[in-house]
Structures are given as structure tokens and as C-alpha cells.
Amino acid sequence: MTIAALILPLALLQAEAPAPSAADQEAEARFEHCVAQIERTPERAYEEGMAWASEGHSLQAYRCAAMALIGEHRYDEGARRLQSLATATSPDLTALRAALLSQAGNAWLLAHNPSQARSAFTMAITTLQADPSQQPDLLIDRARAYAMEHDYRHAEEDLSHSLDIRPNDALALQLRAETRLRQSSFDLAESDINAAIALDPRNVEFYKTRGDIIESRRTGTVVDEQ
């Protein structure tokens, strides 16, 4: 997972944000510059983020510094900072809170701490309960956390909920196929992965999943079960 991937929930912010002022545009440009720096030199990005934060306690400055910690593989610390920022954000800014919680959850996944990740994603989903159309990515991420805990039933439920909101999501179908495979529901798993392949026939991972399903049905033992 790249640092860029940790900014995934930006789409959540678009519907909420008013027309940006000149100061807002400047802050956003500075944030983007700081984030770009993380890919090259996360230590310097952290220093720049904290220096920026000392100027006026900008949330985006603290956010970039937290992301820089993740770039340094200090996942736990970065996740905690992002979650603290979310808690400190006004409850009215639901999209921003959800975005920060989503980033924290993904950082917890990188830290191999699925219970903390699940908690962060749950808070993000709850934050957006008034607008379920914004929830599918969060449900998919929480399903990853459940799967990491080997709780495949709840992972399947989240993926099904995601697909109810956003049908024809190839990734959600592939992940649900994997959770159904882990529960030995081979026919349902194969139906999901075939649907995923129909939507994205160039994705080689989908064919690997289908091969695992076919082999597991043949042997009666789930392939690569952890």
C-alpha cells in the first residue's frame, strides 16, 4: 500500500467542502507537496509537516506528519495520530472525520493490528451513516480487517453490504469470493469470482482466486488456508 493510497477517502470530502478560499487552496497545495515528499524522503516530510504545524496548528500539517510516520514504517504511531486528529475534528465535518478514520484504519492494517483497524473503520462507517452511498470502500476495508482476524462470516456480510450499495464492484466480488472460499461455500465463491472476471478480465489475481476455488472443491480442502 502506497502513501497515495492512504488519501483514498478524498472523494468523501468533495460533496462536503464549500468553494475553497485562497488560503484553503494554498494549504491544500502545501499538503499535496508534503505528501509527495513522503514517497521520496519521509523523514524530511515529517519535519516539514511538524514545522508547518507549529506555524498555525493546521490539521493538514499534522495529517501529513502522521502520514510521513507511516512512510517511515512507524505504522502504529501514524495510525494513532490520524485517529486522534479524527477525534479532534468537528462532528459537523463528517467527511473529513471519516477520511481520517479510514486512513487510520489502513495504517492499522499495515501494522497487522486488525482489531484496531476494524474499530477505526467502524467509526468511519458510523460517521457516514446519513449517507450510505459513501460507505462501500470503508466496508471493503473493514472486511479486510475481519478477514485478517479469520472472521470470514462478518467479512462476507460487509462485502455483501458494499455490493448492495455499489453493485458490479469487481474487487468486492473477488474479496467476497475469497471469504466464501474460506467458509467452503465453493459454488457461491465461484459465482462471485466469475462475475469479477467478467467485469475485469485482465486482472490476473482474479484467475488465481478462481484456480484456488476449483482446486479446493476438487480436494475438499481450502487452498492456502491460514
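Notes on the structure follow. (Residues numbered from 1 in each chain as written. Predicted model: local features only at pLDDT ≥ 70, side-chain atom pairs only at ≥ 80, totals over all residues. Heavy atoms only, no water.)

**Concerning the side chain of Gln83**
Okay, step 1: Tracing the backbone shows Gln83 in helix α5 (residues 75–88).
Okay, step 2: Discounting residues that sit within four places of it in the chain, Gln83 has contacts with Leu101, Ala104, Trp108, Ala120 and Met123. (Helix = DSSP H or I, 4+ residues; strand = E, 2+ residues; numbered from the N terminus. Contact = heavy atoms within 4.5 Å.)

**Description of the pattern of salt bridges**
Okay, step 1: Within the structure shown, the criterion is met by 18 salt bridges.
Okay, step 2: In this structure, the salt-bridge partner of Glu77 is Arg74, at a minimum N-O distance of 2.9 Å.
Okay, step 3: Its relative accessible area of 24% is what places Glu77 among the partly exposed residues.
Okay, step 4: Salt-bridge contacts for Asp212 lead to Lys208; the nearest nitrogen and oxygen are separated by 3.2 Å. Taken as a pair, Asp212 and Lys208 lie in helix α12 (residues 204–219) at a separation of 4 residues, close to a single helical turn. (Salt bridge = Lys/Arg side-chain N within 4 Å of Asp/Glu carboxyl O. Buried < 20%, exposed > 50% of the residue type's maximum accessible area, 1.4 Å probe, protein only.)

**Topic: helix α10 (residues 170–182)**
Okay, step 1: For α10, built from 13 residues, the straight-helix expectation of 18 Å at 1.5 Å per residue is met to within 8% by its first-to-last C-alpha distance of 19 Å.
Okay, step 2: Across the 13 residues that make up α10, a large majority, 10, are buried.
Okay, step 3: Those residues of α10 that sit buried are Ala170, Ala172, Leu173, Gln174, Leu175, Arg176, Ala177, Thr179, Arg180 and Leu181.
Okay, step 4: Of the surrounding elements, those touching the buried residues of α10 are α8 (136–148), α9 (152–165), α11 (186–199) and α12.
Okay, step 5: Between a side-chain oxygen at the N-terminus of α10 and the backbone nitrogen of Leu171 the separation is 3.1 Å; the capping residue is Asp169.
Okay, step 6: Following α10 by one or two positions, Ser184 adopts a phi angle in the positive range, close to 65°. (Expected span 1.5 Å × (residues − 1). Polar contact = N/O pair within 3.5 Å; in protein donor to acceptor, adjacent residues only side chain to side chain.)

**Focus on the nonpolar core**
Grouped burial of nonpolar side chains is what soluble globular proteins tend to show.
Okay, step 1: Counting 25 residues, the largest nonpolar core has Leu82, Leu100, Trp108, Ala117 and Leu138 as its most contacted members.
Okay, step 2: Of all the secondary structure elements, the ones that give two or more residues to this core are α4 (59–71), α5, α6 (94–110), α7 (114–127) and α8.
Okay, step 3: Residue contributions to this core peak at 9 residues, all from α6.
Okay, step 4: Look past the residues within four positions of Ala117 in its chain and what remains in contact with it is Gly105, Trp108, Leu109 and Ala145.
Okay, step 5: If you look at the next biggest cluster of nonpolar residues, it comprises 20 residues, including Ile140, Ala143, Ile213 and Val222. (Core = buried A, V, L, I, M, F, W, Y, C linked by side-chain atoms within 4.5 Å.)

None of this, on its own, says anything about what the molecule does.
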